[in-house]
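What the coordinates show
Listed here are the chains, written in short residue letters.
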Amino acid sequence: MARTGPGLRIAIGVLVAVVAVGLPFQASGFQSLELAYALTFAIAILGLNLLIGYSGQISLGHGAFLAVGGYVTAIGQQRYGLNYLVTIPLAGIISGLIGFLVGLPALRLHGIYLALATFALAVAAPSVMKKPADLTGGVKGIILPPYTSLVPGLSDDQYFYFLCLLITVILFLVSYNILRKRPGRAFKAVRDGELAAAAFGINVSTYKTLAFAISAIYGGVAGSLYATATGFVSPDSYPFQLSILLLVGAVLGGIATIEGAIFGGLFTEFLPIFSQQALTPISRQLANAAPAVTQGIVLLIVMFVARQGIAGLLRQGYAALRGRLRTDAQTLKPAGESPPTGIR
Amino acid sequence: MAEARLAVDDVTIRFGGVVALDSVNFSVTPGHFLGVIGPNGAGKTTLFNVITRLYTPTSGDVTWGGQSLLKLPPHRVVGLGIARTFQNVALFPNMTVLDNVLVGQHARMGAGVIEAALSLPRSGREERQARQRAMEALERVELPHLAQRLAAGLPYSTLKRVELARAIVSNPRLLLLDEPAGGLNREAVSELTGLLRRLHAELDLTILLVEHFMALVMAVSNQVVVLDFGRKIAEGTPAEIQNDPAVIHAYLGVPDAPA
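Residues numbered from 1 in each chain as written. Chains lettered and ligands numbered in written order. Predicted model: local features only at pLDDT ≥ 70, side-chain atom pairs only at ≥ 80, totals over all residues. Heavy atoms only, no water.

An unreviewed UniProt entry annotates chain A as Branched-chain amino acid ABC transporter permease originating from Candidatus Dormiibacter inghamiae. According to the UniProt record, the Subcellular location (unreviewed entry) comment for chain A reads "Cell membrane". (UniProt positions renumbered as here; feature names shortened; annotations may be inferred.)

A few points about empty space enclosed by the protein
Residue and element names in this part refer to chain B. Using the criterion set out here, one finds one cavity of 30 Å³ or more in the structure. Each pocket or cavity is described by its volume, and for the largest cavity that value is around 40 Å³. Taken together, Thr-85, Phe-86, Lys-160, Glu-163, Leu-164 and Pro-180 form the lining of the largest cavity. Taken together, the residues of the lining of the largest cavity break down into three nonpolar, one polar and two charged. (1 Å grid on protein atoms, 1.4 Å probe; cavity = no way out; pocket = protein on both sides within 12 Å on 5 of 7 lines; lining within 4 Å. Points joined across faces, edges and corners; volume = space filled by probe spheres on them. Nonpolar A, V, L, I, M, F, W, Y, C, P; charged D, E, K, R; others polar.)

Structural notes on the sheet that holds strand E1 (residues 6-15) of chain B
Across a sheet, strands are paired by hydrogen bonds formed along the backbone, either parallel or antiparallel in direction. All names here are of chain B. Taking strand neighbours across the sheet as the criterion, the four strands line up as E2-E1-E4-E5 in an open arrangement whose pairing is antiparallel. What marks the edges here is a single partner per strand, and that holds for strand E2 (18-28) and strand E5 (67-68). Relative to E5, strand E4 (residues 59-64) runs antiparallel, the two sharing two bridges. Counterpart to Thr-63 in the pairing with E5 is Ser-68. In this fold helix H1 (residues 44-51) packs onto E1, E2 and E4, with an angle of close to 115° to the strand it touches most, E1. (Pairing = 2+ DSSP bridges. Helix = DSSP H or I, 4+ residues; strand = E, 2+ residues; numbered from the N terminus. Contact = heavy atoms within 4.5 Å. Axes fitted to C-alpha atoms, helices over the stretch in contact; angles between N-to-C directions.)

Things to note about the nonpolar core
With 139 residues, the main nonpolar core has Phe-160, Leu-225 and Tyr-238 of chain A together with Leu-138 of chain B as its most contacted residues. Ranked by residue count, the leading element in this core is helix H2 (residues 29-55) of chain A, at 17 residues. Those residues within four positions of Phe-160 of chain A in sequence are excluded, and the remaining contacts are Leu-33, Ala-36, Tyr-84, Tyr-147, Leu-225, Thr-228 and Ala-229 of chain A. Within the second largest apolar cluster, 30 residues are counted, among which are Ala-20, Leu-34, Val-36 and Leu-69 of chain B. (Core = buried A, V, L, I, M, F, W, Y, C linked by side-chain atoms within 4.5 Å. Buried < 20%, exposed > 50% of the residue type's maximum accessible area, 1.4 Å probe, protein only.)

A word on the sheet that holds strand E9 (residues 223-228) of chain B
Residue and element names in this part refer to chain B. Read across the sheet, six strands follow the order E6-E7-E8-E3-E9-E10 without closing on themselves; strand pairing throughout is mixed. Looking at the sheet topology across the chains shown, the edges are occupied by strand E6 (82-84) and strand E10 (231-236). If you compare each strand with its neighbour and ignore which way they point, the axes differ by 15° on average. Against the sheet, helix H5 (residues 156-168) touches E6 and strand E7 (174-178), its axis set at about 160° to E7. Contacts from helix H9 (residues 245-252) reach strand E3 (33-37), E9 and E10, with the element oriented near 130° to E10.

Quick word on a nonpolar patch on the surface
Residue and element names in this part refer to chain A. Side chains of Val-293, Ile-297, Leu-300, Ile-301, Phe-304 and Val-305 sit close together on the surface and give an oily, nonpolar patch of about 640 Å² of accessible area. Inspection of the secondary structure puts Phe-304 in helix H13 (residues 284-305). Take Phe-304: its relative accessible area is 72%, and that puts it in the exposed class. (Patch = residues over 30% accessible without salt bridge, like charges linked within 9 Å, V, L, I, M, F, W, Y side chains within 5 Å. Areas by Shrake-Rupley, 256 points an atom, 1.4 Å probe, with all protein chains shown as cover. Salt bridge = Lys/Arg side-chain N within 4 Å of Asp/Glu carboxyl O.)

Observations regarding helix H4 (residues 84-106) of chain A
Residues and elements named next belong to chain A. Between its terminal C-alpha atoms H4 stretches 32 Å, which fits the 33 Å expected from 23 residues at 1.5 Å a residue. Those residues of H4 that sit buried are Tyr-84, Thr-87, Ile-88, Ala-91, Gly-92, Ser-95, Gly-96, Gly-99, Val-102, Gly-103 and Ala-106. As for H4, its buried residues are in contact with helix H3 (63-78), helix H5 (111-130), helix H7 (156-179) and helix H10 (204-230). Taking the backbone nitrogen of Leu-85 as reference, a side-chain oxygen 2.7 Å away marks Asn-83 as the first, capping residue of H4. (Expected span 1.5 Å × (residues − 1). Polar contact = N/O pair within 3.5 Å; in protein donor to acceptor, adjacent residues only side chain to side chain.)

Quick word on the packing of aromatic side chains
Aromatic ring pairs are reported here in terms of the distance separating the ring centres and the angle at which the planes meet. One pass over the full model with this rule turns up eleven aromatic pairs over all chains. On the numbers, 5.9 Å between centres and 55° between planes, the contact of Phe-41 of chain A with Tyr-226 of chain A is tilted. Here Phe-41 of chain A, found in helix H2, pairs with Tyr-226 of chain A, found in helix H10; they are 185 residues apart in sequence, far enough to count as distant. There is no split in this pair, since Phe-41 of chain A and Tyr-226 of chain A are both buried. A centroid spacing of 5.5 Å and a plane angle of 85° characterise the contact between Phe-119 of chain A and Phe-240 of chain A, whose relative ring orientation is edge-to-face. Of this pair, Phe-119 of chain A sits in helix H5 while Phe-240 of chain A sits in helix H11 (residues 240-253), and the two are 121 residues apart along the sequence. Residue classification places Phe-240 of chain A among the partly exposed positions, given a relative accessible area of 35%. Taken together, the ring pairs in this structure connect Tyr-37, Phe-41, Tyr-71, Tyr-226 and Tyr-238 of chain A into an aromatic cluster. Of note, Arg-166 of chain B hangs over the ring of Phe-92 of chain B, and the distance from its end group to the ring centre comes to 5.0 Å. (Phe/Tyr/Trp six-rings, centres within 6.5 Å; stacked < 30°, edge-to-face > 60°. Lys NZ or Arg CZ within 6 Å of the ring centre and 35° of its normal.)

Considering unusual backbone geometry
Residues and elements named next belong to chain B. Its identity as a non-glycine residue notwithstanding, Arg-53 has a phi of 70°, on the positive side. Here Arg-53 shows up in the loop between H1 and E4. Residue class for Arg-53 comes out buried when judged on its relative accessible area of 10%. Its identity is not glycine, yet Glu-179 carries a phi of approximately 50°, on the positive side. With respect to the helices, strands and loops of the structure, Glu-179 is situated in the loop between E7 and helix H6 (186-202).

Topic: the interface of chain B and chain A
Counting residues at the interface gives 36 residues for chain B, matched by 28 residues for chain A. Both sides of the chain B and chain A interface together cover about 2700 Å² of buried area, and 66% of this is carbon and sulfur. The largest share of the area that chain B buries against chain A comes from His-75, His-106 and Val-113 of chain B, three residues that together contribute 24% of it. Put simply, chain B and chain A have one salt bridge between them. In this assembly, chain B and chain A are joined by eleven residue pairs in polar contact (both at pLDDT 80 or more). Looking at which element gives the most residues to the side of chain B that touches chain A, the answer is helix H4 (residues 121-140) of chain B, with five residues. Broken down by class, the residue content of the side of chain B that touches chain A amounts to 18 nonpolar, twelve polar and six charged. (Buried area = accessible area lost by both parts, 1.4 Å probe.)

Okay, structure coming up:
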């Protein structure tokens with residue numbers, strides 16, 4: 001495969017790492033926080049992508065899992081005095097359990113029916129959060145204690161960014177490991193053909209519910225970080241639009257790609273901000289409408305010119321670049337056949 | 001371990017008013033190559049779907065090494081050493097050829113999500129072994145150069161061989177082949193004939209072959225079962241079947257026609 005050796009891949013990896021670590025030192029505190037939001041979205045989108053892109057089950061209700069994560073963190077700190085860092089995995093676990101339970105009825109639904117059923121989840125979530133008011137603070141929600149840096153030399157915002165970055169890296173590695181091995185192949189096999197998957201020993205129901213559970217774990221962790229970044233949870237923090245936004249982010253980044261979730265997260269966070277800023281000098285009214293409109297337009301463009309999203313475009317670019325490097329290398333020392341490698 | 005004999009015992013299956021299989025009885029001697037033939041709609045694929053638990057018969061039993069298969073969910077069948085291919089190719093189109101063949105080993109492997117996620121030793125070791133076996137299987141069907149290609153878009157005859165690789169890599173003792181020669185030209189069929197003979201001998205397999213291509217069936221089988229409208233109308237060696245009046249009648253619809 002990688003006939004140019006791992007050089008190009010390592011170069012890209014180092015570049016990404018340098019940017020990711022260096023950014024908060026170049027950015028303002030507020031910008032660091034924005035970047036942390038982007039990572040949070042990336043985690044949620046990666047989880048959604050595991051479900052949609054790899055196990056073939058759609059969800060229009062993933063915002064509900066973020067809500068669960070956010071409330072677990074808020075309630076855990078406020079009512080039970082738990083340390084913030086403890087509430088992050090706890091949010092993942094509780095959300096994952098709920099995801100597992102949601103996955104059970106989902107087994108009976110496909111396509112548009114599953115989309116509608118999960119959408120109902122997103123619509124219901126805000127109201128459900130209001131109800132046990134003693135626990136959730138009702139419509140007023142819960143205010144979270146601010147995050148404070150535990151690392152000398154880092155500002156609070158920088159610290160929080162690096163916390164998000166660390167969790168993001170761990171969760172991306174976990175996904176990468178799962179997806180390239182036995183369980184990942186099982187998810188994809190279920191997506192591509194349930195009968196054949198079962199004929200080769202894959203318990204289709206198990207893997208489908210498992211995908212929901214894992215996906216919900218990611219959603220719960222993202223929700224926990226999101227709540228802390230905002231410093232506040234209320235039913236209004238998790239409108240059903242959030243679920244749609246995550247789905248759009250997953251599609252923009254690239255369905256069934258891991259790295260696409262990063263681009264999805266960045267777009268979800270920054271596209272609205274940039275489009276609003278760009279239009280503010282022209283007209284404040286236009287600027288206020290800009291985020292939704294630009295998101296819609298970009299989504300349309302992606303659907304027409306790059307079905308595989310940004311990650312798909314970059315993979316094509318990467319393949320082309322590697323091809324050029326390879327031909328350069330061959331003109332230097334003409335040796336060996338190089339069968340054409342198809343662009344995925 | 002009990003003797004690996006497949007026995008189809010008085011199996012009947014109805015879909016609404018249609019009787020797809022009607023009191024079908026036969027058993028396969030371990031190591032035999034059994035051809036299952038019959039006109040379209042005779043119930044051949046239905047028979048495979050019953051054995052692999054996609055369908056549950058209305059009555060009757062299917063046993064494998066003396067144990068009934070009918071209590072098992074479909075995904076348990078391959079673990080008992082029963083693998084199959086599909087009439088219309090059921091590969092996973094958006095996965096690479098290698099990954100398709102690796103899925104064939106799902107039941108042979110054990111590492112679950114947590115072991116994979118944390119890269120625990122077993123999952124790494126298992127993956128390496130699986131990859132090696134997958135490549136060996138691809139070499140057997142002469143496709144190692146396509147390992148990294150997506151299954152979608154490959155020629156039909158190639159896909160048929162990938163399916164074969166996916167089936168043999170599951171380490172079966174019984175292999176069910178549903179029209180492996182379908183859509184192949186004469187030359188490809190003769191290659192397939194050689195390949196199936198080699199697999200049968202080298203992997204010590206019992207094979208059930210559903211096929212319309214008579215030359216292939218007669219060349220490789222040492223036992224043939226003939227189905228017509230869901231009933232077994234004949235069973236015997238290829239030579240016996242070729243001269244059986246009931247078979248000739250089923251195929252040609254004319255009694256006493258020359259074979």
